[in-house]
Amino acid sequence: FGSAGTPPCSAQTAALQRAVNSHRCSEVAMDFVVAANNGTHVYRAVGLEKPTLLRSLPPAQGGNPHCLVANATSGAVAVLLQSGSAALWGLGSEGFSAGGGGGGGEAAGGGGSQLPCEITPQSGPITRCYFSPRGSFLVTWEPLGKILRVEQPAPKLAAAPQTPGARGGGGTGYPAGANGGSSGAGGGGSSSSAGAKPGLTALTKAENLSVWAIARRPEDTPAEFSVEVERDGKQRLGVNVDHLDGRSGLLIRRVDTGLIESHNRGVFAADDCARLVLPGDRVLAVNDVASSAGAQAMAQEIQQAQRLRLLVRRGPGWAFAFAAVRFFAPHISPLRWPPVVWSTDEKLAFRGVSNEVLVLDGRLLTQLRRIQIDNISQIAVSPGSPSDPGATALAAFCPASTSASPAMVRVFTDFGKAAKPALTKSFFSDAAWVTMRWDPCTGTDLLVLFHSSELTEADVEGRTLHGQGGNGLYLLRAQQSSEPICALAGSQDGVVLDVQWCPIDHGDTRSLVVLQGPQPAVVSVFSYSTRGNSGVPKRVNLGRFGVRNCLRWDPHGCSFCLRVQSLRGAGISSEGDAIDLFDAAVDGGVARRAGASVAGKRDGQKGIGPSVTTVDFSPDGKVLLAAVEAHFGAELRFMSVADGSTLYRLRFDEVYGAFWR
């Protein structure tokens, strides 16, 4: 990209090019997931060959663009089901592809298809969720509507102090039996309303924003293990079991709030997840009553004994989720999503509230300290560098509180008691909200795209045809002593439709691509050296290639594509089905490799043209997945990145989301 800084030597360039070619030409197995109207399907592709179906999962929520999320680090995928719950599968775990349908069926032992880890909502369907960076947590949100309070039993003893605005995990905020429970009793401590008497029903806020800790069972867990629990007079065992044929033990169908859930919490805290009790496991003996005595005898022993020693055989379950903390969040602005963000190493977490940012322990989610930031509306956490993932920076945007005060972006690198911003950028023009993007290589440089107009429905649903872009683009580099703030584009230059970092630094050169209006949009590359004080980034215009408002990089920084993005459906533009592919060579050259049209035959009477709703590069960077919506339905189009030709298609009636794993 350009010639900023000292270019790499020829030997270094050749070595980098050989490494890239070796990776891109390797025939590796790659999985992708698609949420469609007839189910959620996982496919596997090898090289450029047509993919094969690995497994079909239950259908996701129709029409919800957030119904499918994944975590690359852990290999977990979360599907928001039509029942309103969230189901988690471990795509990289043992037993995922060993069998068919959506995780049902009986588990007779360690074999069988993997059972999902299911999260049940408390008051309404879960409509949004996301993973923490390492996949240790899943955050879910349920719209409350008019249900703002629920009833729960008041505890006999006062609950321990907790994080302000949050409640501990064990059943807090759930109405009786709302967690799937036939067990009835709460699993841990619960909080009561002020002045509530012991044993009476108390009203509490329905905490609809939940952070679920995901405890994964190791794949080398012994086939059988023992579990000991003791009744406390308050909780039931908390499992829903199937007697099977009466002589094969008790098959655990569901783990509800109760003693077993408390046991799972304990082994998770002790880092002994091999002893997790999960759906799909079988209880072979209760104390001295073995399965040969019959399922009824085992059930009676569970009801009568004070201390229970269970012999459990491992089943196809892979993880257990419990609520680590809950918040009351009836309405979340798109500007405050995600509401809880972690550092890359998950040692710290941050939550923006009124006029302050709460700094939390990343694992326990307990409050460490507060950072006072007046009128804060948005936060963004840097990804950190691979060599130092703990080097976390926080950017906070504060819109203007009065007509005489400017809007500001503050960058914090220290989160101590007297934390002060390392860098501040003021906007004296109208800045209603911003888009903040940290560089993915070291997490030290920040792009700030400010928007003068208020956030509209068009911004939430995706860009309109001509783009709801930004009015100014700035580069903030807190580690630069000279020129820490650079203006890359102003309002007089035209609206900025999209900007994306190159995911890989080419030698000592860091680059980003900007798509700027008016339409047809111009494509520009900014590049600068990462060594010392690099000065103002150099700009190179590549040209205009049609009506475009969105760009996407491949994971290796070798290719990127341009397209039209909108959730308004088919027929948004005569160019809504066009994709441009660009090649970014290791030596810095950029060239348009190919242009591709994903259009089939258009409706001659209505003139409806297809539109591309999603694109995603394969892990090896050789195949581009495009979800196409047209009058005839929807399909996944797989195109060669080398020349834009279509390799194969998968046809569906509707596609809600698709991506490579």
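Quick caveat: nothing in here was measured; it's all calculated off a predicted structure.

Side note on the overall build of the protein chain
Here's step 1: Of the regular secondary structure elements, the protein chain holds four helices and 45 strands.
Here's step 2: In the protein chain, 58% of the contacts between residues at least 6 apart in sequence involve partners at least 24 apart.
Here's step 3: In the form shown here, the protein chain has an accessible surface area of approximately 27500 Å², with 50% of it arising from carbon and sulfur atoms.

Re the sheet that holds strand S41 (residues 611-617)
Here's step 1: In spatial order, the strands read S41-S42-S43-S44; together these four strands make up an open sheet with antiparallel pairing. A single partner strand is all that each edge strand has here, and the edge strands are S41 and strand S44 (646-652). In this sheet, adjacent strand axes meet at a mean angle of 20 degrees when their direction is disregarded.
Here's step 2: In terms of strand pairing, S41 meets strand S42 (residues 623-630) through six bridges, oriented antiparallel. Bridge assignment links threonine 614 to a residue of S42, and that residue is alanine 627.

Section: the confidence of the model for the protein chain
Here's step 1: Mean pLDDT over the protein chain stands at 76; residues scoring 70 or higher make up 73%.
Here's step 2: Per-element mean pLDDT across the protein chain ranges from 41 in strand S11 (residues 166-168) up to 94 in strand S9 (residues 137-141).
Here's step 3: Predicted confidence for residues 1-25 stays below pLDDT 50, and this span has 38 contacts to residues more than four positions away or in other chains.

Digging into helix H3 (residues 295-304)
Here's step 1: Among the residues making up H3, those that are buried are Ala295, Met298 and Ile302. Projected onto a plane normal to the axis of H3, the buried residues spread over an arc of 65 degrees and lie on a single side. Turned more than 90 degrees off the buried face of H3, the exposed positions are Gln303 and Gln304.
Here's step 2: The inward-facing, buried residues of H3 contact strand S16 (250-255), strand S17 (282-286), strand S18 (289-290) and strand S19 (307-313).

Examining the sheet that holds strand S31 (residues 472-477)
Here's step 1: Spatial strand order, S29-S30-S31-S32: four strands in an open sheet with antiparallel pairing. Looking along the sheet, the strands with just one partner apiece sit at the ends: strand S29 (433-438) and strand S32 (485-489). On average, each strand axis in the sheet is inclined to that of its neighbour by 25 degrees, with strand direction left out of account.

Topic: the nonpolar core
Here's step 1: Counting 46 residues, the largest nonpolar core has Val211, Leu308, Leu310, Trp342 and Leu365 as the members making the most contacts within it.
Here's step 2: Residues within four places of leucine 310 in sequence aside, it is in contact with Phe225, Ser226, Val227, Ile260, Val283, Ala285 and Val286.
Here's step 3: Of all hydrophobic cores here, the second largest spans 34 residues; its members include Leu80, Leu88, Cys117 and Trp318.

Remarks on the packing of aromatic side chains
Here's step 1: Inspection of the entire model under this criterion finds 13 aromatic pairs.
Here's step 2: Between phenylalanine 32 and phenylalanine 638, the aromatic rings sit 4.9 Å apart at their centres with planes inclined by 50 degrees, giving tilted as the arrangement. In this pair, phenylalanine 32 sits in strand S1 (residues 29-36) while phenylalanine 638 sits in strand S43 (residues 633-640), placing the two residues 606 residues apart along the sequence. By the burial criterion, phenylalanine 32 is buried, and phenylalanine 638 matches it.
Here's step 3: Their ring planes at 15 degrees and their centres at 5.3 Å tell us that phenylalanine 137 and tryptophan 342 sit as a pair that is stacked. Linking phenylalanine 137 in strand S9 with tryptophan 342 in strand S21 (residues 340-342), this pair joins segments that are 205 residues apart in sequence.
Here's step 4: Look at phenylalanine 137 and you get buried, because its relative accessible area is 5%.
Here's step 5: Through a chain of ring-to-ring contacts, three or more aromatic side chains come together here, namely Phe32, Tyr43, Phe638, Tyr648 and Trp660.
Here's step 6: Geometry around phenylalanine 327 places arginine 351 over its ring, the cationic atom sitting 4.1 Å from the centre.
Here's step 7: Sitting over the face of the ring of tyrosine 528, arginine 477 holds its NZ or CZ atom 5.0 Å from the ring centroid.

Each value, and the rule that gives it
Residues numbered from 1 in each chain as written. Predicted model: local features only at pLDDT ≥ 70, side-chain atom pairs only at ≥ 80, totals over all residues. Heavy atoms only, no water. Helix = DSSP H or I, 4+ residues; strand = E, 2+ residues; numbered from the N terminus. Contact = heavy atoms within 4.5 Å. Areas by Shrake-Rupley, 256 points an atom, 1.4 Å probe, with all protein chains shown as cover. Pairing = 2+ DSSP bridges. Axes fitted to C-alpha atoms, helices over the stretch in contact; angles between N-to-C directions. pLDDT = per-residue confidence, 0-100. Buried < 20%, exposed > 50% of the residue type's maximum accessible area, 1.4 Å probe, protein only. Arc of directions from axis to C-beta. Core = buried A, V, L, I, M, F, W, Y, C linked by side-chain atoms within 4.5 Å. Phe/Tyr/Trp six-rings, centres within 6.5 Å; stacked < 30°, edge-to-face > 60°. Lys NZ or Arg CZ within 6 Å of the ring centre and 35° of its normal.

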